[in-house]
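Read off the chains here:
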Amino acid sequence: MGENLQAPPEKMPRHVAIIMDGNGRWALSRGLPRLAGHRAGTENLRRVIRASVEFGVEYLTIYAFSTENWGRPAAEVKGLMYIFEEVIDRELDELHQEGVQLRHIGRLEKLSPKLRKKVLAAIDLTKDNQRLILNIAFNYGGRDEIVYAVQNMLRDGISPDEVNIELVSQYLFTAGTPDPDLVIRTSGELRTSNFLIWQSAYAEWYITPTFWPDFDQEEFAKALETYTQRDRRFGGVSDEFYE
Ligand code: FPP
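Residues numbered from 1 in each chain as written. Predicted model: local features only at pLDDT ≥ 70, side-chain atom pairs only at ≥ 80, totals over all residues. Heavy atoms only, no water.

## What about the side chain of Glu 145?
Move 1: Here Glu 145 shows up in helix α5 (residues 142-155).
Move 2: Among buried Asp, Glu, Lys and Arg side chains, Glu 145 stands out as unpaired, with Arg 107 the closest opposite charge at 9.5 Å.
Move 3: The contact partners of Glu 145, leaving out residues within four places of it in the chain, are Tyr 140, Leu 172, Phe 173, Thr 174 and Gln 199. (Helix = DSSP H or I, 4+ residues; strand = E, 2+ residues; numbered from the N terminus. Buried < 20%, exposed > 50% of the residue type's maximum accessible area, 1.4 Å probe, protein only. Lys, Arg positive; Asp, Glu negative; His and termini not counted. Salt bridge = Lys/Arg side-chain N within 4 Å of Asp/Glu carboxyl O. Contact = heavy atoms within 4.5 Å.)

## Digging into the UniProt feature "binding site: Mg(2+)" (unreviewed entry) in the protein chain
Move 1: Under the UniProt annotation, "binding site: Mg(2+)" (unreviewed entry) lies at Asp 21 and Glu 204.
Move 2: Take Asp 21: it is sitting in the loop between β1 (15-19) and α1 (23-28).
Move 3: The residues contacting Asp 21, other than those within four sequence positions of it, are Arg 185, Thr 186, Ser 187, Glu 189, Phe 211 and Trp 212.
Move 4: Note that Glu 204 resides in strand β6 (residues 204-208).
Move 5: Given the relative accessible area of 16%, Glu 204 is considered buried.
Move 6: Those residues within four positions of Glu 204 in sequence are excluded, and the remaining contacts are Asp 181, Leu 182, Val 183, Tyr 227, Arg 230 and Arg 232. (UniProt positions renumbered as here; feature names shortened; annotations may be inferred.)

## Topic: the packing of helix α3 (residues 74-97) against helix α4 (residues 113-126)
Move 1: Running from amino to carboxyl end, α3 crosses α4 at an angle of 20°, the nearest separation of the two axes being 10 Å. Of the possible angle classes, the one that applies to α3 and α4 is roughly parallel. For the pair α3 and α4, the sense of crossing is left-handed. Contact residues: Met 81, Phe 84, Glu 85, Ile 88, Asp 89, Leu 92 and His 96 in α3; Lys 114, Leu 115, Lys 118, Val 119, Ala 122, Leu 125 and Thr 126 in α4.
Move 2: Looking at side-chain class alone, the contact of α3 with α4 contains 8 nonpolar, 2 polar and 4 charged residues. (Axes fitted to C-alpha atoms, helices over the stretch in contact; angles between N-to-C directions. Parallel < 35°, antiparallel > 145°, perpendicular 65-115°, else oblique. Left-handed = near helix turned anticlockwise from the far one by under 90°. Nonpolar A, V, L, I, M, F, W, Y, C, P; charged D, E, K, R; others polar.)

Next comes the structure, spelled out in structure tokens:
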């Protein structure tokens, strides 16, 4: 475990999910274009992925592009698509060597054939890696995910009596992945923004005013430490009340 993380390993979150917010404001505060903020955010993502490997996080899910982000100016949408391609071209070999398994959650079909092909190739190349599972939510929306799950259940002829929480979970993009233990949101906004709305029902939240490009390893360690001090009750009461 990393030197600057003081946390008992058994209390560490297995699955951390991050809403990487504040790239635009980070850029604005420096008089730079919004895409410069996304580039700085991408650099920070490298650091946080490395720190996740170092800290022993098993699953990291990052919100890179939501189903609602299509509504941004065309140049920004195009820029984010390009950044995703660039990240794959530039980082894939190193991520693979570090034992990172890439997965995608969301709808791939709306992406360009070129980008889709790169994402699928990256998933295939890294499919046996086990050190860190990195879920990239790109063209992802929690409501869309649930709609898609219901459509597929109906297509599969599932009867109403068969539908339960486990079955719905198996129809989500995250099937087979444990629910997130900790959701981090940077830049201080207090909302879920359609991110993992089913899976995060009992996640702990950590919200910091820091803009994503400035959310460094030290802040990440602080978020993990804070999580280890929380009392997770999942709607029950603490064991200590029964002692
Ligand atoms: C939110 O900040 C950030 C995004 C919508 C994009 C996040 C993307 C990256 C960090 C690049 C890494 C990407 C990939 C493809 C792996 P915002 O633009 O909403 O910031 P604002 O609220 O300050 O305007």
